[in-house]
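In case you want the letters, here they are:
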Amino acid sequence: MKSPGFVKKLHRFFLVAALLLVCQPAWAEKRVALVLSNSAYQNVARLPNPVNDGTVIAATLKKAGFDVVDSRQDLPAAETRRALRDFADRARDADIALVYYAGHGIEVDGTNYLIPIDARLERDTDVYDEAFSLDRVLLAIEPAKHLRLVILDACRDNPFAKSMKRTVASRAIGQGLAKVEPTSPNMLIAYSAKAGSTALDGDSKNSPFTIALAKHLTTPGLDVRRAFGFVRDEVLKNTSNRQEPFVYGSLGGEDVPLVPAASVPSAPASNAQAEARRDYELALQIGHKDAMNAFLAQYPDGFYANLARIQLAKIAAEETRVAATEKARLAEQERARLAAEGAQKPQQLKAEADVKATEQARIAAEKAKQVVQEQAAEAERKRVATEASATDKAAETKVADNSPASRAAAGASAPEKAQGEKGTNLAALSAGPPPVDIAKSVQTELRRVGCLTNAADGQWDAASRRSLALFNRHAGTKLDVKLASIDALDTIKLKPSRVCPLTCEHGFKVDGERCSRIVCAEGLVLNGDNECEKRRAKTPTAKRDRGERPVRERPKFDASVARPQASGQIVCDRGGCRPIARGCRLEFRTTAQGGPYEGGGGNVQICN
């Protein structure tokens, strides 16, 4: 049951008769764009950011009202040339033609080449056959009447240049891209880094150059040259002056904005705009697709209708992500059940395939959700900036300076003022919990699957990174261990039980989900390998057999007879051995006189 207040608001939607077409400024010029982004290179390492960058730029141009935005990703050489040929046909009757390229580029003998994903470039001469020159891109936008714009986020450290063989020693292969001066009028070529230098990919999923472009390039009423000036300042600031974007070419004296300045609505239109704004904000606060569909039923066209459709896409993407996550969880549970029950191998293989397919679908749904969230956040940022600009203009005097310079200044200052007063930016509007909460949730799940022993404190330190790497090794995943992400959280949640093996100290063994002490039976002892073995008997000490050698008994002396003190000498005769008393001496006698010997000689004790 919907509340009476909500029903009343829905009825009020249908009472508003005027549509807010005034929110869409009149713009007679035709604008076309081609967005090329190469990440999945086949013969060198994959680039992480170009596809993400191309997605952001394509979404930005679509929101800016471009008539055609042709976005292509990971094209080989043949398809790239076909895309340029088709775009040249679209640019024949266009006033503004824009080409954005993100990927690898190389400079050979002063000519810049953009490299498709199937290029090998084993020799320097291969660049003429496998890559396509910047002149080919300029030829595609040549028919445009008012503005021809090429944006190159290709000034990366190129791995092809390091491995390429030189067929001619004098042929130069430069770092980054070479400086170029367009020969056609009304043409600008923007580099992500100055000629001869390389650009940075940054720490996020988008390069610093692309982030700044999405923020400034389509500001309503802002001259494109001033927009690139703001881009340069922001990139220099965010890279600590290590990367400086640069623009080559020239335009005339008039301002050339990619998006026109918002016109000041009349009083009745202002009332209608205020009414639609309140209705949209109410539907946004409710946050349900029924409310957005009711709003679109009353406002099928216009500025707020486009915002409502973006919000509906955001809601649908979240529903798809939740459904995909649940399917992946159920598939993982079924695989674990079949493995535990010892099911037949074909059944387990089918379960493994289902797990892989549902996991891929979940990852795709997560990425789609992030793209739509960024689009919705960017749309809300522009809405706040536009409304703030309209409020400022209404407060100004009726005699306003309508010169191109003042319109450019107003278009440039409106988003900055809106961000300063309301604290609105892309990061603040992005949905999702704070980073600390994500880290704590990931740590909690890592503890549950047995990969983390430390407490879940929300600090993504070295121990947390090691635990996530351990999870990758045992779960067969490739999650980024540098940071805690929602993708990692959802992936770990899919595991119903322990992933990392339980490790016990010496003297303990794994017993289910805990460590139990090892108890050996009587007569067994625990060895160094945590195994019970028989106790070793002690080695007997060797004893001398007294029966082998007779023990010679010493002569016994009468203890009652006082013995003279010994002098340190010993004399032996038939009566045994005895010490020589102090003051006595030994003499050798050959007769029996005075001694025990008869018919022979021997030592005799002589005492004075």
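Our structure's up above, just so we're on the same page.
Residue positions within a chain follow its written sequence, with the count starting from 1. Selection of residues for local features in this predicted model requires a pLDDT of at least 70, selection of side-chain atom pairs for listing and counting requires 80 or more, and totals for whole chains, interfaces and linings are taken over all residues. Note: side-chain values were computed over all heavy atoms of the structure, leaving out hydrogens and water.

1. A word on the overall build of the protein
The condition is simple: By definition, any uninterrupted DSSP run of H or I lasting at least four residues is a helix, any uninterrupted run of E lasting at least two residues is a strand, and each is numbered from the N terminus. Residue burial is assigned from relative accessible area. The probe radius is 1.4 Å, only protein chains are included, and a residue is buried under 20% of its type maximum, exposed over 50%, and partly exposed in between. In this analysis, two residues are considered to be in contact whenever any of their non-hydrogen atoms come within 4.5 Å of each other.
When helices and strands are counted, the protein shows 17 helices and 18 strands. Counting across all 608 residues of the protein, residues that qualify as buried make up 41%. Counted over contacts in the protein with a minimum sequence separation of 6, partners at least 24 positions apart contribute 65%.

2. Notes on the sheet that holds strand β7 (residues 147-153)
Quick reminder of the rule: When DSSP finds two or more bridges between a pair of strands, those strands are recorded as paired. Axis definition: a line fitted to C-alpha atoms, over the contacting stretch in the case of helices. Angles run 0 to 180 degrees between N-to-C directions.
Strand order in the open sheet formed by six strands is β2-β1-β3-β7-β9-β10, and the pairing between neighbours is mixed. Both edges of this open sheet fall to β2 (68-73) and β10 (246-250), since each of them pairs with a single strand only. Direction aside, the axes of adjacent strands within the sheet are offset by 10° on average. The sheet contacts of helix α2 (residues 50-63) involve β1 (31-37), β2, β3 (96-102) and β7, and relative to β1 the element is tilted by about 170°. Each of β3, β7 and β9 (187-191) is contacted by helix α5 (residues 134-141), which is oriented at about 150° to β7, the strand it contacts most.

3. Here's the deal with the pairing of strand β4 (residues 105-108)
Alternating positions in β4 separate into two faces, Gly105 and Glu107 on one and Ile106 and Val108 on the other, with burial throughout. One ladder, built from four bridges, connects β4 with strand β5 (residues 111-114); its direction is antiparallel. Among the inter-strand pairings, glycine 105 is bridged to a residue of β5, identified as leucine 114. The turn linking β4 back onto β5 is made up of two residues, and aspartate 109 within it adopts a positive phi angle of 55°.

4. Some points on the packing of aromatic side chains
What counts is decided by this rule: Classification of ring pairs rests on two measures: the distance between centres of Phe, Tyr or Trp rings, Trp counted by its six-membered ring, which must be within 6.5 Å, and the angle between planes, read as stacked under 30 degrees, edge-to-face over 60 and tilted in between.
The tally for this structure, following the rule as stated, stands at eight aromatic pairs. Relative to phenylalanine 295, the ring of tyrosine 280 has its centre 5.9 Å away and its plane inclined at 65°; by these criteria the two rings are edge-to-face. With a gap of 15 residues between them, tyrosine 280 in helix α9 (residues 267-286) and phenylalanine 295 in helix α10 (residues 289-298) connect regions that are remote in the sequence. Overall, tyrosine 280 belongs to the buried group, its relative accessible area being 0%. Among the aromatic residues, those joined into a ring-pair cluster are Tyr280, Phe295, Tyr299, Phe303 and Tyr304.

5. As for α2
Residues separated by three or four positions in an α-helix point in the same direction, a consequence of the helix having 3.6 residues per turn. Our working definition: Given the number of residues in a helix, its expected span is that number minus one, multiplied by 1.5 Å.
When the terminal C-alpha atoms of α2 are compared, their 20 Å separation across 14 residues agrees well with the 20 Å that a helix rising 1.5 Å per residue should span. Among the 14 residues that make up α2, 10 are buried, leaving the element largely enclosed by the rest of the structure. Listing the buried residues of α2 in full gives Pro50, Val51, Asp53, Gly54, Val56, Ile57, Ala58, Ala59, Thr60 and Leu61. Of the residues flanking the end of α2, it is glycine 65, one or two places downstream, whose phi is positive at about 90°.

6. Some points on the state of the cysteines
Convention followed: The disulfide criterion used throughout: a pair of cysteine sulfur atoms within 2.5 Å.
Scanning the entire structure with this criterion turns up two disulfides. Here cysteine 451 pairs with cysteine 500 through a disulfide, and the sulfurs are 1.8 Å apart. Judged by the torsion about the S-S bond (90°), the cysteine 451/cysteine 500 disulfide is right-handed. You can see cysteine 451 sitting in the loop between α15 (435-448) and α16 (462-475) and its partner cysteine 500 sitting in the loop between α17 (486-493) and β11 (508-511), a full 49 residues away along the chain. Across the pair, exposure class does not vary: cysteine 451 and cysteine 500 are buried alike. Here cysteine 520 pairs with cysteine 532 through a disulfide, and the sulfurs are 2.0 Å apart. The sign of the S-S torsion, about -80°, decides the handedness of the disulfide formed by cysteine 520 and cysteine 532: left-handed. Of the two residues, cysteine 520 is situated in the loop between β12 (514-517) and β13 (524-526) and cysteine 532 in strand β14 (residues 532-534); the sequence distance between them amounts to 12 residues. The partly exposed category is assigned to cysteine 520, whose relative accessible area is 22%.

7. Considerations on the environment of threonine 239
Considering the arrangement of structural elements, one finds threonine 239 in the loop between α8 (224-238) and β10. Spatially, the C-alpha atoms of threonine 239 and alanine 199 are 9.6 Å apart, while their sequence positions differ by 40 residues. Apart from the residues lying within four places of it in its own chain, the contact partners of threonine 239 are Leu200 and Pro208.

8. Brief notes about the environment of lysine 356
One can find lysine 356 in helix α12 (residues 345-395). Residues lysine 356 and alanine 331 lie 25 residues apart in sequence; the distance between their C-alpha atoms is 8.9 Å.

9. Quick notes on unusual backbone geometry
A positive phi angle, close to 55°, is found at asparagine 186, a residue other than glycine. Within the fold, asparagine 186 resides in the loop between β8 (173-174) and β9. For asparagine 530, which is not glycine, the phi torsion reads 65° and is therefore positive. One can find asparagine 530 in the loop between β13 and β14. For asparagine 530, a relative accessible area of 24% gives the class partly exposed.

10. Here's the deal with the pairing of β1
Judged by how many residues are buried, β1 sits mostly within the fold: seven of seven residues are covered. Residues Arg31, Ala33, Val35 and Ser37 of β1 are buried on one face, and the alternating residues Val32, Leu34 and Leu36, pointing to the opposite face, are buried as well. Judged from the six bridges that link them, β1 and β2 form a sheet pairing that is parallel. By the bridge assignment for β2, alanine 33 is matched with valine 69.

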